[in-house]
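Structural overview for review
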Amino acid sequence: MVIGSGVRKIVVEDATCNGPLSALDLSSFPNVEEFVVGYRCFMLTKMVRIVELRRLRRVFIGAKSFSTRDDSDSSCQTLIVRDCPLLKEVVISTRCFVYARTCILKNLPSLEVLDIGDMETRFSSMNFLYSPIALQGWVDEGVLWLDLPKLKRVRIGRESFHDCNYAYFESACAGMV
């Protein structure tokens, strides 16, 4: 299937796109405003890059996507979401990116909501078990802005980032010369 670069919404149906894929890179879709992934999709994708999408407003990833049933090398290792100035919401459902080693969310000045995992049940979400999380600012005209002025909510489900070494949330601004 071929998708045109002018598409505004990408919806991936449940249990699809499960063949081996080295990287899912959305940069070919500069006009996309919403990216929605269903349940158990992209199970053999190694890396996800959502980078420099100037119109993107929402990312939703359904349960058990970007993960295999074991910790083999076939599981997704990296999620990068950066330089998306209008992105307001990132929702990653339970048991996604279970064995990923990297989770970077950077230069998202409009981000209001970050939900990773399930907060409603007593069961473990198990997202990014071995990954640190980095939520970072941006550089604009020589100034490093480290805060997320619109961030209203960060919710991380039970046992997500379970064995991570650090969680990095930048929250102040500083001028750099």
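Procedures and definitions
Residues numbered from 1 in each chain as written. Predicted model: local features only at pLDDT ≥ 70, side-chain atom pairs only at ≥ 80, totals over all residues. Heavy atoms only, no water. Helix = DSSP H or I, 4+ residues; strand = E, 2+ residues; numbered from the N terminus. Contact = heavy atoms within 4.5 Å. Areas by Shrake-Rupley, 256 points an atom, 1.4 Å probe, with all protein chains shown as cover. Phe/Tyr/Trp six-rings, centres within 6.5 Å; stacked < 30°, edge-to-face > 60°. Buried < 20%, exposed > 50% of the residue type's maximum accessible area, 1.4 Å probe, protein only. Polar contact = N/O pair within 3.5 Å; in protein donor to acceptor, adjacent residues only side chain to side chain. Core = buried A, V, L, I, M, F, W, Y, C linked by side-chain atoms within 4.5 Å. Pairing = 2+ DSSP bridges. Axes fitted to C-alpha atoms, helices over the stretch in contact; angles between N-to-C directions.

Counting its regular elements, the protein chain contains zero helices and 15 strands. For the protein chain, the proportion of contacts with a sequence separation of at least 24, taken over those separated by at least 6, is 79%. Of the roughly 9,200 Å² of accessible surface on the protein chain, a fraction of 52% belongs to carbon and sulfur atoms.

This next bit is on the packing of aromatic side chains. On inspection of all chains with the given rule, the structure shows five aromatic pairs. Ring geometry for Phe97 and Phe128: centres 5.1 Å apart, planes at 5 degrees, overall stacked. Taken as a pair, Phe97 in the loop between strand S7 (89–92) and strand S8 (102–106) and Phe128 in the loop between strand S9 (113–116) and strand S10 (133–136) lie far apart in primary sequence, 31 residues in all. Note on accessibility: Phe97 and Phe128 belong to one class, buried. Ring centres 6.2 Å apart and planes at 20 degrees place the aromatic pair Tyr99 and Tyr130 in the stacked group. Separated by 31 residues along the polypeptide, Tyr99 in the loop between S7 and S8 and Tyr130 in the loop between S9 and S10 bring together distant segments of the chain.

Right, let's get into the environment of Thr16. On the secondary structure map, Thr16 appears in the loop between strand S1 (9–12) and strand S2 (24–25). Separated by 22 residues in the primary sequence, Thr16 and Gly38 place their C-alpha atoms 8.2 Å from one another. When sequence neighbours within four positions are dropped, the list of residues in contact with Thr16 reads Arg40, Cys41 and Phe42. At 2.5 Å, the side chain of Thr16 and the backbone oxygen of Glu13 are in polar contact.

Structurally, the position occupied by Thr78 is in strand S6 (residues 78–82). Each residue touching Thr78, except ones within four places of it in the same chain, is listed here: Lys46, Met47, Val48, Ala100 and Thr102.

Okay, the nonpolar core next. The biggest cluster of nonpolar side chains holds 38 residues, and the ones touching the most others in it are Phe35, Ile50, Leu56, Phe66, Ile92, Phe97 and Phe128. If sequence neighbours within four positions are ignored, Phe128 has contacts with Leu79, Ile92, Cys96, Phe97, Val98, Ala100, Thr102, Cys103, Ile116, Phe161 and His162.

Burial along S10 is two-sided: the residues Ile133 and Leu135 and Ala134 and Gln136 are all buried. The pairing of S8 with S10 spans four bridges and is classified as parallel. Considered in S10, the bridge of Cys103 is made with Ile133.

Here we come to the sheet that holds strand S13 (residues 153–156). Read from one edge to the other, the open sheet built from six strands follows the order S1-S3-S5-S7-S9-S13, with strand pairing classed as parallel. Two strands lie at the open edges of the sheet, namely S1 and S13, each paired on one side alone. Looking at each pair of strands side by side, their axes are set apart by 5 degrees on average, direction ignored. Pairing of S1 with strand S3 (residues 34–37) involves four bridges; the strand directions are parallel. Bridged to Val12 within S3 is Val37.

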